[in-house]
Amino acid sequence: MAGRKPKDDHKLRDYKQGSMFYDEVRERYIASFSYMDPATGARRYRRKSGKNKGPLNDWLDEMKGLKRSGKSLDPKSATVKEWLTLWLQDYKKDVRATTRESYTGIINSRIIPEIGALKIKDLSPLDIQSFIRRIEKKYSPRGVQYTRVILSQAMKDAEEDGMIDRNPVRGKKTKGPRVAKREMTAPESQDVQKFLDSAKQTRFYHLFLFIASTGCRKGEGLGLRWADVDFNANAVNIQRTLVYTAAEGIVFNEPKTKAGRRRILLPVDVMAVMKQHKLNMKELRLKNADIWQDNDLCFPVQDGTPQNPHNIENAFYRIMKMAGLGDWLKDEAGNIVVDEKKKPKR
């Protein structure tokens, strides 16, 4: 049964701003926008639907911006490459920098070389199926699925904007390979201890001790500030994560989810090591006062600035080699895996 039309939606948006109405049958808001294509002189229309007005009003504002800047595509002649380029620039401009960089890499290296020259209106499920089969020969099942997800998102937006009639990636025939679930086994405590003993010979020891003792990601450890450390309660508050992208360099982000912002209790002996580390950092700050940049970071480089996550990655493998261990201490995301019952001793 159709839902009741919201009382205040009899005039959601006037024509010059783009139009919006409530579809009682579908129980969704429908926003539409028209513009004159500068390339052909023909009037074009785009539509988008949703359960809430807010995102659709934002979309209409975005369409107005595209109209003013002259960024538009002709659905009849636009190629997949042209659409994906516009999609990255304008539809995914507000995603996290790391996500955007990942999308850009996948699109430029996997999708565009294979199907970028095809017209978006002619893209069929058969084309998608053939595309998936080709990249299956080059990439892992997980990599193929990730590529398919990105392409599906882009085609879904194209469908909602009236560029295509139907998302060709959606359907049983275009499903990617099955991704086997990988069981992660936490390393034995003696192996973690061997790793940490070897890490003592490097300047990364305190960071890796913190990660091994808490199960935090390396970005969370690198983003930790002394203000987040509660020595009285033997706890730390995870408030942010540090990431690196080629476009923006090192940046601090908030956790992706509410669960990511959390409080973690640390063993007393680990907190004792952290206290000594803080004193060492104060001495380093005085020693390098002329170049020190105070960011209040627990694990900075020699001048107080943030560590590059790639350097931590390289250090991890060097220490693993020093300890005579394999890389099975890490999970698929590159994080150290430690069983709560197998915490290292200090």
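Figured I'd write up the structure that's included with this text. It should be emphasised that the depicted structure is a prediction, and the values quoted were computed from it without experimental measurement.

What follows concerns the overall build of the protein. When you go through the protein residue by residue, the secondary structure sums to 10 helices and 8 strands. Across the 346 residues in the protein, those meeting the buried criterion constitute 45%. Look at the contacts in the protein between residues 6 or more apart in sequence, and 60% of them connect residues 24 or more apart. Surface exposure of the protein reaches about 19500 Å², of which carbon and sulfur atoms provide 49%.

In contact at an axis separation of 11 Å, helix α3 (residues 97-115) and helix α4 (residues 125-136) are set at 130 degrees when each is read in the N-to-C sense. In terms of orientation, α3 and α4 fall into the oblique class. Of the two elements, α3 crosses α4, and the hand of that crossing is right-handed. Between α3 and α4, the contacting residues are Arg110, Ile111, Glu114 and Ile115 on the first element and Phe131, Arg134 and Ile135 on the second.

Our next topic: the side chain of Asn167. You can see Asn167 is positioned in the loop between α5 (141-160) and α6 (189-199). Side-chain polar atoms of Asn167 contact the backbone oxygen of Ser152, separated by 3.4 Å. With residues near it in sequence (within four places) discarded, Asn167 still touches Ser152, Met155, Lys156 and Glu159.

Below, the discussion takes up the packing of aromatic side chains. A full pass over the atoms with the stated rule returns 9 aromatic pairs. Ring plane angle 55 degrees and centroid distance 6.4 Å describe the contact between Tyr103 and Tyr146, whose orientation is recorded as tilted. Placement of the pair is Tyr103 in helix α3 and Tyr146 in helix α5, with a sequence separation of 43 residues. With relative accessibility at 9%, the residue Tyr103 sits in the buried group.

What counts, and where the lines are drawn
- Residues numbered from 1 in each chain as written.
- Predicted model: local features only at pLDDT ≥ 70, side-chain atom pairs only at ≥ 80, totals over all residues.
- Heavy atoms only, no water.
- Helix = DSSP H or I, 4+ residues; strand = E, 2+ residues; numbered from the N terminus.
- Buried < 20%, exposed > 50% of the residue type's maximum accessible area, 1.4 Å probe, protein only.
- Contact = heavy atoms within 4.5 Å.
- Areas by Shrake-Rupley, 256 points an atom, 1.4 Å probe, with all protein chains shown as cover.
- Axes fitted to C-alpha atoms, helices over the stretch in contact; angles between N-to-C directions.
- Parallel < 35°, antiparallel > 145°, perpendicular 65-115°, else oblique.
- Left-handed = near helix turned anticlockwise from the far one by under 90°.
- Polar contact = N/O pair within 3.5 Å; in protein donor to acceptor, adjacent residues only side chain to side chain.
- Phe/Tyr/Trp six-rings, centres within 6.5 Å; stacked < 30°, edge-to-face > 60°.

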